[in-house]
Structures are given as C-alpha cells and as structure tokens.
Amino acid sequence: MSEVKISAETRSEFGKGAARRVRRENKVPGVLYGHGSEPLHLTLPGHELLLALRTPNVLISLDIDGKTNELAIPKAVQRDPLKGFLEHVDLLLVKRGEKVTVEIPVHTEGELAPGGNLLEHVLAALPVEAEATHIPEQVTVSVEGLEAGASVHAKDIALPNGVTLAVEEDAVVLQVLAAQAEESAEGEEAGEEAAEA
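The following refers to the structure shown. None of these values were measured; they are calculated from a predicted model. (Residues numbered from 1 in each chain as written. Predicted model: local features only at pLDDT ≥ 70, side-chain atom pairs only at ≥ 80, totals over all residues. Heavy atoms only, no water.)

## Considerations on the overall build of the protein chain
Phase 1 of the analysis: When its secondary structure is counted, the protein chain shows three helices and 13 strands.
Phase 2 of the analysis: On C-alpha atoms alone, the protein chain measures out to a radius of gyration of 23 Å, which is more than a quarter above the 16 Å that the 2.2 N^0.38 rule sets for 197 residues.
Phase 3 of the analysis: For the protein chain, the proportion of its 197 residues judged to be buried stands at 33%.
Phase 4 of the analysis: For the protein chain, the proportion of contacts with a sequence separation of at least 24, taken over those separated by at least 6, is 64%.
Phase 5 of the analysis: Taking the average place of the 17 positive charges on the side chains of the protein chain and the average place of its 34 negative ones, the gap between the two points comes to 19 Å. (Helix = DSSP H or I, 4+ residues; strand = E, 2+ residues; numbered from the N terminus. Rg over C-alpha atoms; globule rule 2.2 N^0.38 Å. Buried < 20%, exposed > 50% of the residue type's maximum accessible area, 1.4 Å probe, protein only. Contact = heavy atoms within 4.5 Å. Lys, Arg positive; Asp, Glu negative; His and termini not counted. Charge placed at Lys NZ, Arg CZ, Asp CG, Glu CD.)

Below is the structure:
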C-alpha cells in the first residue's frame, strides 16, 4: 500500500463562512481524530488530497504545520453533489502496526456461464481488518463460468497475509441471477391490455 505525504495546517476558524474561505483558496477543511485525542481541525491542499483519495483507504502521512507527522486514513469524504469537488474530509489517526477495520473494493474477473445471466454485487466493498500500513487496495474474485444461482461468500475470497474478514464468513458478496425473459414480460402486458379492452 502506498503512503502519500501531504502538508496540512491547523485551523482555528470554524463554520460555513470559514469553510468557504478555505475552499476558495483551493484547500479542503478536515478533521483528524482517533486514539482518544482531541479532534484536530486542519486545512489540506485540495488537489493533492483529491489525487490521494483516488486510492481507496490510502495511508496519508500528514506533516502538520511543519512540526508533527501523523499517519491517517480517510474515514468520511464529503463532496459537492453537483460539481464533485471536496467539501470536507474526516481522517482517522492510525499508528504503524495497529489493526484497523476498513472496506476494500471487490473487483471481478472472468466471464459468467453463457445464457445472459447477471452478476449482482451484494457487497460492493468487503469489510476487513488489516494492519494500518498494509491495507490492500482491492480484492479480485474470479467469476469464470459461474451459472445462475451461484454465489460467492466472504469465506471464499482469498485475502492477503495479515488480513482477516470483519464480516460473517457466510455473508454473500456476489451472486449470479438468471436473466429474465423479456418476451414473457411483453406477453403479460399484451394480456393485460386485452383484458382491459
């Protein structure tokens, strides 16, 4: 897992007006919390943070006011619903060697069995517990040849060393659904129209 270094400044102004001023400077207001310490309000560089957040569960090395270095992972990210820019970020303080619970994206590879079946992601992300500096970016699951009715459970997914499930082993992650025949749906509609007439 990559570690991204970002310089941050502490902030003492709060509220909507202060947050707007921070955003006008192409910066993002944020909060760093965890380990029972007081929440630390920060201002982070917008572009650098946006690039870092492209990696799920990225490990961020924060240089705060040029005095202290802290490790953190993103816990909550608020984006503008229309324009997509970052509005606020919550960062969780972590220590090297510490275990954290995070959700990692589930990617699939391979083709389903022929027949127009559909793959449903019951869990788009898999909850796992991992060492803070060794969080996997994703897990990959092969769906090659799976037929309708087949499902992949959490226990079926191979995890890297040191990573454990933070969800029930029998939790369904993926399932294959049979394609619905469109002809039967059209036939039903035609039958309903005839009944109404």
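Let's pick the thread back up.
## A few points about unusual backbone geometry
Phase 1 of the analysis: One non-glycine residue with positive phi stands out, namely asparagine 26, at about 60 degrees.
Phase 2 of the analysis: Relative to the assigned elements, asparagine 26 resides in the loop between helix H1 (16-24) and strand S2 (27-34).
Phase 3 of the analysis: Its identity as a non-glycine residue notwithstanding, aspartate 65 has a phi of 55 degrees, on the positive side.

## A word on the sheet that holds S2
Phase 1 of the analysis: Around the barrel, six strands lie side by side as S1-S3-S2-S6-S5-S4; this closed barrel has mixed pairing. With direction set aside, neighbouring strand axes in the sheet form an average angle of 45 degrees.
Phase 2 of the analysis: When strand S4 (residues 59-64) meets strand S5 (residues 68-79), the two strands line up antiparallel, connected through five bridges. By the bridge assignment for S5, serine 61 is matched with leucine 71.
Phase 3 of the analysis: Contacts from H1 reach S2, strand S3 (37-45) and strand S6 (86-94), with the element oriented near 120 degrees to S2. (Pairing = 2+ DSSP bridges. Axes fitted to C-alpha atoms, helices over the stretch in contact; angles between N-to-C directions.)

## Overview of the nonpolar core
Nonpolar side chains tend toward joint burial in soluble globular proteins.
Phase 1 of the analysis: Core analysis: the largest hydrophobic core is formed by 25 residues, its most contacted members being Ile73 and Leu126.
Phase 2 of the analysis: Counting residues per element, the ones that place at least two in this core are S5, S6, strand S7 (99-109), strand S9 (125-131), strand S10 (139-142) and strand S13 (172-177).
Phase 3 of the analysis: No other element matches S7, which puts four residues into this core.
Phase 4 of the analysis: The residues touching leucine 126, leaving out its near neighbours within four places in the chain, are Val102, Glu103, Ile104, Val106, Val139, Ala154, Ile157, Leu159, Leu165, Val167 and Val173.
Phase 5 of the analysis: Core analysis: the next-biggest nonpolar cluster, separate from the first, contains 18 residues, Ile6, Ile60, Ala72 and Leu91 among them. (Core = buried A, V, L, I, M, F, W, Y, C linked by side-chain atoms within 4.5 Å.)

## A short note on the side chain of serine 61
Phase 1 of the analysis: If you trace the backbone, serine 61 turns up in strand S4.
Phase 2 of the analysis: Taking relative accessible area as the criterion, serine 61 reaches 10% and is therefore assigned buried.
Phase 3 of the analysis: Beyond its immediate sequence surroundings of up to four residues, serine 61 is in contact with Glu3, Val4, Lys5, Ile6, Glu70 and Leu71.

## A short note on the side chain of glutamate 131
Phase 1 of the analysis: Position of glutamate 131 relative to the elements: it lies in strand S9.
Phase 2 of the analysis: It turns out glutamate 131 is buried and unbridged, and the closest side chain with the opposite charge, arginine 96, is 6.8 Å from it.
Phase 3 of the analysis: In this structure the side chain of glutamate 131 is engaged in a polar contact, spanning 2.4 Å, whose partner is the backbone nitrogen of glycine 97.
Phase 4 of the analysis: In this structure the side chain of glutamate 131 is engaged in a polar contact, spanning 2.5 Å, whose partner is the side chain of histidine 134. (Salt bridge = Lys/Arg side-chain N within 4 Å of Asp/Glu carboxyl O. Polar contact = N/O pair within 3.5 Å; in protein donor to acceptor, adjacent residues only side chain to side chain.)

This is a description of form; function is not addressed.
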